[in-house]
Amino acid sequence: MKFMPSTKSRHWFLWMVTYGFILWLLLGLHRFAFLGQQLDIIILLRLALSSFIISGILNGFGWLGARLVWLITTFGIIIGLVLMFLYTNRDMSGWEDLAGFLTFAVFMLGGFILGLLTEGIYLFIRRT
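Described in the following lines is the structure provided in the data block. (Residues numbered from 1 in each chain as written. Predicted model: local features only at pLDDT ≥ 70, side-chain atom pairs only at ≥ 80, totals over all residues. Heavy atoms only, no water.)

**Section: a nonpolar patch on the surface**
- Taken together, the side chains of V17, F21, L25 and F52 make up a nonpolar region of the molecular surface, amounting to roughly 340 Å² of accessible area.
- Broken down by element, the residue count for the nonpolar patch peaks at three residues, all from helix α1 (residues 11-34).
- Its location among the elements puts L25 in helix α1. (Patch = residues over 30% accessible without salt bridge, like charges linked within 9 Å, V, L, I, M, F, W, Y side chains within 5 Å. Areas by Shrake-Rupley, 256 points an atom, 1.4 Å probe, with all protein chains shown as cover. Salt bridge = Lys/Arg side-chain N within 4 Å of Asp/Glu carboxyl O. Helix = DSSP H or I, 4+ residues; strand = E, 2+ residues; numbered from the N terminus.)

**Side note on the nonpolar core**
- In terms of nonpolar packing, the biggest core is built from 17 residues, with L23, L27, W70, I77, L81 and F104 touching the most fellow members.
- Among the elements of the structure, α1, α2 (41-64), α3 (67-88) and α4 (96-127) are those that each provide at least two residues to this core.
- Those residues in contact with L27, other than ones at most four positions away along the chain, are L47, S51, L81, M84 and F104. (Core = buried A, V, L, I, M, F, W, Y, C linked by side-chain atoms within 4.5 Å. Buried < 20%, exposed > 50% of the residue type's maximum accessible area, 1.4 Å probe, protein only. Contact = heavy atoms within 4.5 Å.)

**Digging into the environment of T73**
- Locating T73 in the fold gives a position in helix α3.
- Judged by relative accessible area, which is 1%, T73 ranks as buried.
- Along the chain, T73 and N89 lie 16 residues apart, while their C-alpha atoms are 25 Å from each other.
- Contacts of T73, omitting those with residues within four sequence positions, involve L58, M108, G111 and F112.

**Quick look at the side chain of T74**
- As for its placement among the helices and strands, T74 is situated in helix α3.
- Given the relative accessible area of 12%, T74 is considered buried.

**With respect to the layout of surface pockets**
- Here the largest pocket defines a volume of roughly 200 Å³.
- Every residue along the wall of the largest pocket is listed here: L27, H30, R31, L35, I43, L47, M84, D97, L98 and F101.
- Residue composition of the lining of the largest pocket, grouped by class: seven nonpolar, one polar and two charged.
- Counted as a void, the second largest pocket has a volume near 170 Å³.
- Around the second largest pocket, the lining residues are W15, T18, Y19, I22, L23, L26, T74, I77, I78 and L81.
- At six residues, the largest contribution of residues to the lining of the second largest pocket is made by α1. (1 Å grid on protein atoms, 1.4 Å probe; cavity = no way out; pocket = protein on both sides within 12 Å on 5 of 7 lines; lining within 4 Å. Points joined across faces, edges and corners; volume = space filled by probe spheres on them. Nonpolar A, V, L, I, M, F, W, Y, C, P; charged D, E, K, R; others polar.)

**Concerning unusual backbone geometry**
- Here the phi dihedral of K8 falls at roughly 60°; this positive angle occurs in a residue that is not glycine.
- Residue position: K8 is located in the segment before α1.
- For K8, a relative accessible area of 54% corresponds to the exposed category.

Function cannot be inferred from these measures alone, as they are strictly geometric.
Right under this line is the structure:
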């Protein structure tokens, strides 16, 4: 994990902004380009808010030194985004938007919980 900034480094704040912006662009691309919804500024701002909250939480854990939480949750988010985009192309009779978002949320939260468990086990082993 040498590519990640060190604990309590200022680089985590740059990562937070970049991470939030990329996540916001991908969620907006899914909503307005893939699902074909009309561009709505309120929804775009809500997506930005949720993206930057997710980014702030994850990069805050990284800043505090829980780098495994950041790494595993990022993998969960990537898998969730890929599946969300794939579900858009399926014919689910109008449920593809909800199924895709729920899949994204499940993988994101699953990655977060798995990251917390892994970080806790790693901390326990290191202390004993």
